[in-house]
Amino acid sequence: MDIAAATTRMDAAVAATYDAATLVFQPRRAGTVPGSTGAVRDVNRPAEDDPARPVQTVKGSFWLRPDPSRMPRSLSPDPGVQSGAATVSYDAMAAVFAAAFAVPPQKGDHVTAGADLYRVEAMGSHGLGRVAYYLNRVK
């Protein structure tokens, strides 16, 4: 067996074991400026669904309240702020094989897990071709 076949079998075993959650990724974009023809976007307007990218339903792993000590941080370039930087935490985390997506999700997209709606706040590698999506609940 070559390495590609072994990797494919390993990915299938991981997916069968851990990827039990059905996750729906809804693309979002900056809102439209009132009175425009829809082509003018403004990040200060409420976000809206993005029809240019497909809604994608995938299987993945899903955790509520992941351990904040293991979360990536975006530290300020100011050394005074870095020394006392707060821990970043999220409401949930989802991990999905990157190959499951026709178009990769982006920060700000919505994710439906069960009956709850979340927003993608950050992304990072989860290893072996998987992407971790750090999520906060949409109020």
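It should be emphasised that the depicted structure is a prediction, and the values quoted were computed from it without experimental measurement. (Residues numbered from 1 in each chain as written. Predicted model: local features only at pLDDT ≥ 70, side-chain atom pairs only at ≥ 80, totals over all residues. Heavy atoms only, no water.)

The helix and strand inventory of the protein chain stands at two helices and 10 strands. Its helices and strands in sequence order give the protein chain the pattern α-β-β-β-β-β-β-α-β-β-β-β, from N to C terminus. The buried share of the protein chain, reckoned over its 139 residues, is 27%. Look at the contacts in the protein chain between residues 6 or more apart in sequence, and 60% of them connect residues 24 or more apart. Entry remark: accessible area of the protein chain is about 8,600 Å², with carbon and sulfur atoms responsible for 56%. (Helix = DSSP H or I, 4+ residues; strand = E, 2+ residues; numbered from the N terminus. Buried < 20%, exposed > 50% of the residue type's maximum accessible area, 1.4 Å probe, protein only. Contact = heavy atoms within 4.5 Å. Areas by Shrake-Rupley, 256 points an atom, 1.4 Å probe, with all protein chains shown as cover.)

Time to look at the environment of Thr-7. Tracing the backbone shows Thr-7 in helix α1 (residues 3-18). Residue classification places Thr-7 among the partly exposed positions, given a relative accessible area of 32%. A sequence separation of 121 residues divides Thr-7 from Leu-128, and the C-alpha atoms of the two residues are 8.9 Å apart.

Regions with low pLDDT should not have their predicted coordinates read in detail. Of all residues in the protein chain, 83% have pLDDT values of 70 or greater, and the mean over the chain is 83. Within the protein chain, no element has a lower average pLDDT than helix α2 (residues 79-82), which sits at 54, and none a higher one than strand β8 (residues 110-113), at 97. (pLDDT = per-residue confidence, 0-100.)

Here we come to the nonpolar core. Counting residues in hydrophobic clusters, the biggest one holds 14 residues, and the most contacted among them are Leu-23, Phe-25, Val-96, Tyr-133 and Leu-135. Among the secondary structure elements, those contributing two or more residues to this core are β1 (21-26), β7 (92-97), β8, β9 (116-127) and β10 (130-137). Non-local contacts of Leu-23, meaning those with residues more than four positions away in its chain, are made with Gln-56, Thr-57, Val-58, Gly-60, Ser-61, Phe-62, Ala-94, Val-96, Val-111, Thr-112 and Ala-113. (Core = buried A, V, L, I, M, F, W, Y, C linked by side-chain atoms within 4.5 Å.)

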